[in-house]
Structure formats: C-alpha cells, structure tokens
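Coordinates in review
Now for the letters of each chain:
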Amino acid sequence: DSLENYKCGTEQFIRLLSENVKREHNVDFYADKLCISSQYLGRIVRNFGHDKVYDIIARAVVGEIEIMLADSSIPLKQIATDMNFSDQSVFTKFFKRQTGMSPLQYRNTLK
C-alpha cells in the first residue's frame, strides 16, 4: 500500500460520497462501490489522515441537511424523505446526535 493508493482511494470515496450523500449513509455502500471491504476503506481514509469513514459520511449528510434547513419552505418531513431517512424521528435523532440540536432548533438559529 502506497500513499498514492491511499490518496486515489480517498479521492474516489469523496467523489462517490458527494454523488450519493442524499441516498446513502452507509459505509458498506461506499466500500462495495469501490470494490473493497469496509475495513480497507477505513484504513485508506485513516492512513490519508482523515477520521473514521462513518464520521466523514455523517458530516457530509449534516452539511446537506443544513443547506436544506436554511430554506424554511421545505418541511422537516420532506427533508427526512429527501435525505433517505426511514422516518422523521430517525432523521431528528441522527441530526441531534451529530449537532447537539434538533433540526427545528437549528432552523430557528438561522432566523
């Protein structure tokens, strides 16, 4: 394994993530798309100086959610659906775990 392989793998992962962040929040999805194990994807990302793969995915998902929350005309239920959460409570728990506030609290800070 060379640094160049890690760089290439990390760049491929980030590109895939940007294309699929609204639909896919699972490490295994990205590893499968790259034809590697999720453990190997974790090693590639860590060896290139990044956090855990899941943390990178979670930050990307939160970033997309924050963009959508900035548009107060989009209902929270619609954001949950658009971001491929099974329901609004799962969406709310995820966002609160990542940011320390509910989606509605976050939206209210933007006013």
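Okay, so let's go over this structure. (Residues numbered from 1 in each chain as written. Predicted model: local features only at pLDDT ≥ 70, side-chain atom pairs only at ≥ 80, totals over all residues. Heavy atoms only, no water.)

Considering unusual backbone geometry
Residue cysteine 35 is not a glycine yet carries a positive backbone phi of 60°. Here asparagine 84, not a glycine, exhibits a phi torsion of approximately 65°, which is positive. Within the secondary structure, asparagine 84 is located in the loop between helix H5 (76-82) and helix H6 (88-99). (Helix = DSSP H or I, 4+ residues; strand = E, 2+ residues; numbered from the N terminus.)

Brief notes about the side chain of arginine 107
Within the secondary structure layout, arginine 107 lies in helix H7 (residues 103-109). Buried and without a salt bridge, arginine 107 has aspartate 71 as its closest oppositely charged side chain, separated by 6.1 Å. (Buried < 20%, exposed > 50% of the residue type's maximum accessible area, 1.4 Å probe, protein only. Lys, Arg positive; Asp, Glu negative; His and termini not counted. Salt bridge = Lys/Arg side-chain N within 4 Å of Asp/Glu carboxyl O.)

Considerations on the nonpolar core
Core analysis: the biggest nonpolar cluster contains 30 residues, and Phe13, Tyr30, Leu41, Ile57, Val61, Ile65 and Ile79 have the highest contact counts within it. For this core, the secondary structure elements donating two or more residues are helix H1 (3-20), helix H2 (27-33), helix H3 (38-47), helix H4 (53-69), H5 and H6. Considering every element that reaches this core, the biggest residue donor is H4, with nine residues. Discounting residues that sit within four places of it in the chain, leucine 41 has contacts with Phe13, Val27, Tyr30, Ala31, Leu34, Ile36 and Val53. (Core = buried A, V, L, I, M, F, W, Y, C linked by side-chain atoms within 4.5 Å. Contact = heavy atoms within 4.5 Å.)

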